[in-house]
Amino acid sequence: MRKNQYYLALLLIVVGANIYAQELTQKDSLVVKKEKNIRFNYKQLILPVGLMSYGLIGIESDAIKSINSGIKEEVEEHIDQRITIDDFAQYAPAVAVYALNNIGIKGKNNLRDRSIILATSYLLMSATVLPLKSITKIERPDGSSNNSFPSGHTATAFAGAEFLWQEYKDVSVWYGISGYLVAAGTGAFRIYNDRHWLTDVAMGAGIGILSTKVAYWTFPYINKLVRKKNKNNTGMISPFYNGNQLGVGMILNVK
């Protein structure tokens, strides 16, 4: 039974990401392709809010805690070797956006605009993930620390996946779907490596998706603010957190 719970959890993560990407394809097909930035649509809140709700409820729910414990026992019983690909996979969807542009496959926004959007997403994500880790103080499955909830790796991966989706859905939906599959795989490996509970991964995925969506919704206003403050020079600061390390990156464009 526990073995089935483990594989079911991994399957739900992967299939859920794929279904979400396909649903977005249908919803966004009604939007004019010339539109540079997505508009607010409450329906797009369903998945991220649902994932976050599951994660939050799981903090106190005995039933969900039982699922978490079952997965942990299955991991410890049947998995001897850990695979740390999730340390790198979390960045793959966001990096893919810049890589595709560099080889001539243009996305929705130029370098400046998409960098502002990504920086905004990471700021929102970090401003949510880091305080929650400090407040909840949930122990990791492997007992290494008390900052398990939510999963920073998963949040980073899903923020990048939504970023890749928004930039390239009009070029090919498969770019976005592949990004979500990589993000789902990152979350699965966090569980596989005994670093996070399923609830941590669900919460991280919801935060990541929502952070990027909000970044796109607010970009027109942030862009106006940046242009108004400094018409010649632009700069941005983007924090990152990989589960163990917190850092800050800066991009400065001087004209």
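The following paragraphs examine the structure supplied in this document.

Scoring rules and cut-offs
- Residues numbered from 1 in each chain as written.
- Predicted model: local features only at pLDDT ≥ 70, side-chain atom pairs only at ≥ 80, totals over all residues.
- Heavy atoms only, no water.
- Phe/Tyr/Trp six-rings, centres within 6.5 Å; stacked < 30°, edge-to-face > 60°.
- Helix = DSSP H or I, 4+ residues; strand = E, 2+ residues; numbered from the N terminus.
- Buried < 20%, exposed > 50% of the residue type's maximum accessible area, 1.4 Å probe, protein only.
- Salt bridge = Lys/Arg side-chain N within 4 Å of Asp/Glu carboxyl O.
- Expected span 1.5 Å × (residues − 1).

**Here we look at the packing of aromatic side chains**
This model, assessed by the stated rule, comprises four aromatic pairs. Between Phe-158 and Tyr-180 the ring centres are 5.8 Å apart and the planes differ by 65 degrees, which places this aromatic pair in the edge-to-face class. Highlighted residues: Phe-158 in helix α7 (residues 152-168) and Tyr-180 in helix α8 (residues 173-192), separated in sequence by 22 residues. Ring centres of Phe-189 and Tyr-192 lie 5.6 Å apart, and the angle between their planes is 75 degrees; on these two criteria the pair is classed as edge-to-face. In this pair, Phe-189 and Tyr-192 both sit in helix α8, three residues apart, roughly one turn of the helix. Owing to a relative accessible area of 26%, Phe-189 belongs among the partly exposed residues under this scheme.

**Side note on the pattern of salt bridges**
Proximity of charged atoms lets side chains of opposite charge pair with each other. Within this structure, the stated rule accounts for six salt bridges. Between Lys-72 and Asp-194 there is a salt bridge whose closest N-O contact spans 4.0 Å. Of this pair, Lys-72 sits in helix α3 (residues 62-78) while Asp-194 sits in the loop between α8 and α9 (198-229), placing them 122 residues apart in sequence. Arg-195 is paired through a salt bridge with Asp-142; the nearest N and O atoms lie 3.0 Å apart. Highlighted residues: Arg-195 in the loop between α8 and α9 and Asp-142 in the loop between α6 (111-136) and α7, separated in sequence by 53 residues. The exposure class assigned to Arg-195 is buried, which follows from its relative accessible area of 15%. Salt bridges sharing partners connect three or more residues here, namely Lys-72, Glu-76 and Asp-194.

**As for α7**
Compared with an ideal rise of 1.5 Å per residue, which puts 17 residues at 24 Å, α7 spans 24 Å between its outermost C-alpha atoms and is within 8% of the ideal. Counted residue by residue, α7 has 17 buried out of 17 residues, so it is predominantly covered.

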